[in-house]
Amino acid sequence: VQLQASGGGLVQAGGSLRLSCVVSGLTFSRHVMAWFRQAPGKEREFVGGITWRNFITSYVDSVKGRFTISRDNANNTVYLQMNSLKPEDTANYYCAARAPGMLQISTDLNTYLSWGQGTLVTVSS
């Protein structure tokens, strides 16, 4: 199983980035996918997730209205569109997959079985 995240970079506050996570080695269309982030010195936190069945999404309050998760099951890819970025969004961003067939998005990182390597997002003020 491999989750390859990309798209991070340096952006000014108010700018946008789109992260991608290409997944291989599992039946992507049967997995809830999520993005987490970890800032220096802080714990990894849930950013948002998307179900595999109805593409239902869920977000942490701090990114609602600014971030959008989507998925392309034909290309085994999950995206995180980030708009109106703030310096406090600076972190390593990780994509993750739950076990196959699980229906619910979880905010608990321990419920995710597979992880990408992370892509760094830096937002300057």
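One can find the structure itself at the top, above this paragraph.
Each chain has its residues counted from 1, running along the sequence as written. Local features in this predicted model are restricted to residues of pLDDT 70 or higher, and side-chain atom pairs are both shown and tallied only at a pLDDT of 80 or more, whereas totals for entire chains, interfaces and linings draw on every residue. Heavy atoms throughout the structure, all of them, feed into the side-chain values; hydrogens and water do not.

Student: Hey, could you run me through the state of the cysteines in this one?
Tutor: Any covalent bond linking the sulfur atoms of two cysteines counts as a disulfide. Cysteine sulfur atoms that come within 2.5 Å of each other are treated as a disulfide pair. Applying the stated rule across the entire model yields one disulfide. Note that cysteine 21 is cross-linked by a disulfide to cysteine 95, the S-S spacing being 2.0 Å. With the S-S bond torsion at 60 degrees, the cross-link from cysteine 21 to cysteine 95 turns out right-handed. Of the two residues, cysteine 21 is situated in strand β3 (residues 17-24) and cysteine 95 in strand β9 (residues 91-98); the sequence distance between them amounts to 74 residues. Helix and strand definitions here come from DSSP, where helices need a minimum of 4 consecutive H or I residues and strands a minimum of 2 consecutive E residues; each element is numbered from the N-terminal end.

Student: What is the right way to read the sheet that holds strand β7 (residues 67-72) from this model?
Tutor: To summarise the sheet geometry, strands pair through backbone hydrogen bonds and adopt either a parallel or an antiparallel arrangement. Pairing between strands is defined by DSSP: at least two bridges between them are needed. Reading across the sheet, the four strands line up as β1-β3-β8-β7 and stay open at both edges, with antiparallel pairing between neighbours. Among the strands making up the open sheet, the edge pair consists of β1 (2-6) and β7. Here the strands of the sheet are splayed against their neighbours by 15 degrees on average, with no regard to which way each runs. For β7 and strand β8 (residues 77-82), the ladder comprises six bridges, and the chain directions are antiparallel. From the neighbouring strand, arginine 71 faces β8, where its bridge partner is valine 78. Fitted lines through C-alpha atoms serve as axes, helices being fitted only where they are in contact, and the angles separating the N-to-C directions of these axes extend from 0 to 180 degrees.

Student: Looking at this model, I keep getting lost on the pairing of strand β11 (residues 119-124). Mind explaining?
Tutor: In summary, the side chains of a regular strand alternate between the two faces of the sheet. Relative accessibility under 20% of the residue-type maximum defines a buried residue, over 50% an exposed one, and the middle range a partly exposed one, all with a 1.4 Å probe and only protein chains included. The alternating pattern of β11 places Thr119, Val121 and Val123 on a buried face, while none of Leu120, Thr122 and Ser124, on the opposite face, is buried. Examined bridge by bridge, strand β2 (residues 9-12) and β11 share four bridges and lie parallel to one another. Note on β11: the bridge partner recorded for glycine 9 is valine 121. Pairing of β9 with β11 involves three bridges; the strand directions are antiparallel. Its bridge partner being in β11, asparagine 92 is matched across the sheet by leucine 120.

Student: Help me out: how do you make sense of unusual backbone geometry in this one?
Tutor: Negative phi values dominate among residues other than glycine, just as trans dominates among peptide bonds. The phi angle at phenylalanine 55 is positive, at roughly 55 degrees, despite the residue not being glycine. Phi angles above zero are rare outside glycine, and asparagine 76 is one such case at about 50 degrees. Within the secondary structure, asparagine 76 is located in the loop between β7 and β8.

Student: Before we go on, may I ask you to explain the packing of aromatic side chains in this structure?
Tutor: Aromatic ring pairs are defined here through the distance separating the ring centres and the angle between the ring planes. Each Phe, Tyr or Trp ring (for Trp, its six-membered ring) is paired with any other whose centre lies within 6.5 Å, and the angle between the two planes then decides the class: stacked below 30 degrees, edge-to-face above 60, tilted in between. Applying the stated criterion across every chain yields a total of four aromatic pairs. Arranged with centres 5.2 Å apart and planes meeting at 75 degrees, the rings of phenylalanine 36 and tyrosine 112 form a pair that is edge-to-face. On the criterion of sequence distance, the pair formed by phenylalanine 36 in strand β4 (residues 33-38) and tyrosine 112 in strand β10 (residues 112-115) is long-range, its members being 76 residues apart. Look at tyrosine 112 and you get buried, because its relative accessible area is 4%. With centroids separated by 6.3 Å and ring planes inclined at 65 degrees, the aromatic side chains of tyrosine 112 and tryptophan 115 adopt a geometry described as edge-to-face. Among the aromatic residues, those joined into a cluster by ring pairs are Phe36, Phe46, Tyr112 and Trp115. The lysine or arginine in question, arginine 71, covers the ring of phenylalanine 28, its NZ or CZ lying 4.4 Å from the ring centre. The cationic tip of arginine 98 hangs over the ring face of tyrosine 112; the distance from NZ or CZ to the ring centre is 6.0 Å. Whether a charge lies above a ring is judged from NZ of Lys or CZ of Arg, which has to be within 6 Å of the ring centre and within 35 degrees of the ring normal.

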